[in-house]
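Next come the chains, spelled out residue by residue.
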Amino acid sequence: MTEHAQQFVGKCTFETLTRRPVYTDLFVPGEKILHISLVRECDWVVIAPATANIIGKMAAGIGDDLLSTLLLVDLPKVIVTPAMNTGMWENPIVQENLCKLGELGVGLIAPGTGLLACGERGTGRFPETEEFLEALFYLRYSPRNLAGKRILISAGPSREWIDPVRFLSNPATGLMGCALASAARARGAVVTLVAGPLAVRGPGGVTVIPVETALEMEEAMQKEFEPCDGCIMNAAVSDFRPTSSFATKLKKEQYPDFNLSLVPNPDILFGLGQRKRNQVLVGFCAETDNPLTEAKRKLAKKNLDLMVANTVVKGESGFAVSTNKAWIVNRKGESIDCPIMDKVELAGLICDTVASLFPQ
Ligand code: CTP
């Protein structure tokens, strides 16, 4: 803890809650040299929250207390989570320092947006704990094989409204699409996520474009497709929508023998396949029967580079479960047979396969 950190929370509180020693002084007599041994004996050095001051000291190579001195020892072990007022966060000197540290291998967990300690609203807020831990995990365990690539991903279901209180949809939660967005971002990609209504927490550090209907999703995907390097169409799009939707609630007395008339929705992925230039284009198909045959057929029909086929088995694979049984099929018809695995893990495998298709 720095001297300033102890102004916020006392050393004793941290020692009691963590049951770990808390170090504050650079000069502690003993067998080991503290600022070296602390770094050598750990896997990561995480500064959370990191002030503009400590970031500035790191970037300038200043060591004038225990923390700033130990940070000089092994930069690639360091991860910072800046937390400060928006004005400070947007200060070009702070941003320049962060870029410099990034180039030297220091990991960054971006701050969140919302209410700040000073009462203002904006970017600079310490991320929610779950987001922070997830980002930390991804940062440390992911290769940087999508660095600088722009990846467009769609997630979740679409909703096709019948009247203001009823819609046609499917059980997709958006878990797989959000896992893909997080995995791509952790690999260094700049990610845009076009998301139908999500039943899970959206990923941090990516641009989210919320949509509801297949037509809205098509518009957003078409708009974002041009500048992207890779596109993963994971959303479960409704193939049909009501021919017309009612402006007011349907009353059953009014329509005793109600029949719903439907029209087909556009095939969004097919449309992207037609426009594709050098983008890597990936589709998904959830099948109850013949997943591999269907994957190969749809890959060819939609002009894709990869198709991820998964089975739909209740509680094991498909909608609203945390695991998937999948195959990743390429244009040559070769497939990776993935065992049942967590969607987060599968997302990483898919992103690595996408990364392998970009010219090295
Ligand atoms: N897809 C799409 N637009 C649609 C339907 C599907 O973009 N209107 C995309 C999905 O996001 C997925 C891929 O196409 O990436 C395959 O979806 P799937 O529903 O399996 O294929 P369909 O072509 O709709 O064939 P079917 O439903 O007859 O199996």
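Residues numbered from 1 in each chain as written. Predicted model: local features only at pLDDT ≥ 70, side-chain atom pairs only at ≥ 80, totals over all residues. Heavy atoms only, no water.

What follows deals with the domain arrangement of the chain. As assigned here, the chain comprises domain 1 (5–140) and domain 2 (150–356). The distance between the C-alpha centroids of domain 1 and domain 2 comes to 38 Å. With five residues of domain 1 at the interface, the matching set in domain 2 holds seven residues. Interface area for domain 1 against domain 2, summed over the two sides, is near 630 Å², with a carbon-plus-sulfur share of 47%. By the criterion of area lost to domain 2, the three top residues of domain 1 are Glu-131, Glu-134 and Tyr-138, representing 69% of everything that side buries. Counting the contacts that link domain 1 with domain 2 gives one residue pair in polar contact (both at pLDDT 80 or more). For the side of domain 1 that touches domain 2, the residue count by class is two nonpolar, no polar and three charged. (Domains from an automatic or database assignment. Contact = heavy atoms within 4.5 Å. Buried area = accessible area lost by both parts, 1.4 Å probe. Polar contact = N/O pair within 3.5 Å; in protein donor to acceptor, adjacent residues only side chain to side chain. Nonpolar A, V, L, I, M, F, W, Y, C, P; charged D, E, K, R; others polar.)

Turning to the site of the ligand, a few remarks are in order. Taken together, 14 residues lie near the ligand, and Met-233, Ala-235, Leu-269, Lys-298 and Lys-302 sit nearest. The contact in question runs from an oxygen atom of the ligand to an N or O atom on the backbone of Leu-269, over 2.8 Å. Within the side chain of Lys-302, an N or O atom sits 2.7 Å from an oxygen atom of the ligand. Here the ligand, which alone exposes 570 Å², has 78% of that area covered by the protein. If you list the elements that add at least two residues to the shell around the ligand, you get helix H11 (268–275) and strand S14 (280–287). With four residues, the top contributor of residues to the shell around the ligand is S14. (Near = heavy atom within 4 Å. Areas by Shrake-Rupley, 256 points an atom, 1.4 Å probe, with all protein chains shown as cover. Helix = DSSP H or I, 4+ residues; strand = E, 2+ residues; numbered from the N terminus.)

It is worth spelling out the sheet that holds strand S16 (residues 323–330) at this point. Strands pair in a sheet through their backbones, by hydrogen bonds, and they do so in one of two ways: parallel or antiparallel. Spatial strand order, S10-S9-S6-S11-S14-S15-S16-S17: eight strands in an open sheet with mixed pairing. Edge positions in the open sheet fall to strand S10 (207–210) and strand S17 (335–342), since each of these has one partner strand only. On average, each strand axis in the sheet is inclined to that of its neighbour by 15°, with strand direction left out of account. Contacting strand S6 (150–155), strand S9 (190–195), strand S11 (230–233), S14 and S16, helix H9 (residues 175–186) crosses the sheet at an angle of about 165° to S6. (Pairing = 2+ DSSP bridges. Axes fitted to C-alpha atoms, helices over the stretch in contact; angles between N-to-C directions.)

Under the defined criterion, the tally for this structure stands at 15 salt bridges. A salt bridge links Asp-305 to Lys-276; the nearest nitrogen and oxygen atoms lie 2.8 Å apart. With Asp-305 in the loop between helix H12 (291–301) and strand S15 (306–311) and Lys-276 in the loop between H11 and S14, the pair connects residues that are 29 residues apart, well separated along the chain. Like Lys-276, Asp-305 is buried. Among the salt bridges present, the one from Lys-325 reaches Asp-337, with a minimum N-O distance of 2.4 Å. Placement of the pair is Lys-325 in strand S16 and Asp-337 in strand S17, with a sequence separation of 12 residues. The exposure class assigned to Lys-325 is buried, which follows from its relative accessible area of 15%. Look at the salt bridges and you will find they share partners, linking Lys-57, Asp-64 and Asp-65 into a network. (Salt bridge = Lys/Arg side-chain N within 4 Å of Asp/Glu carboxyl O. Buried < 20%, exposed > 50% of the residue type's maximum accessible area, 1.4 Å probe, protein only.)

Turning next to helix H7 (residues 92–103). Over its 12 residues, H7 runs 16 Å from end to end, which matches the ideal 16 Å to within 8%, given 1.5 Å per residue. Restricting attention to buried positions, one finds in H7 the residues Val-94, Asn-97, Leu-98 and Leu-101. One face of H7 carries all of its buried residues, which in axial projection span an arc of 100°. Residues of H7 that are exposed and point over 90 degrees away from its buried face: Pro-92, Glu-96 and Glu-103. Along its buried surface, H7 packs onto helix H4 (52–60), strand S2 (78–82), helix H6 (86–90) and strand S3 (107–108). (Expected span 1.5 Å × (residues − 1). Arc of directions from axis to C-beta.)

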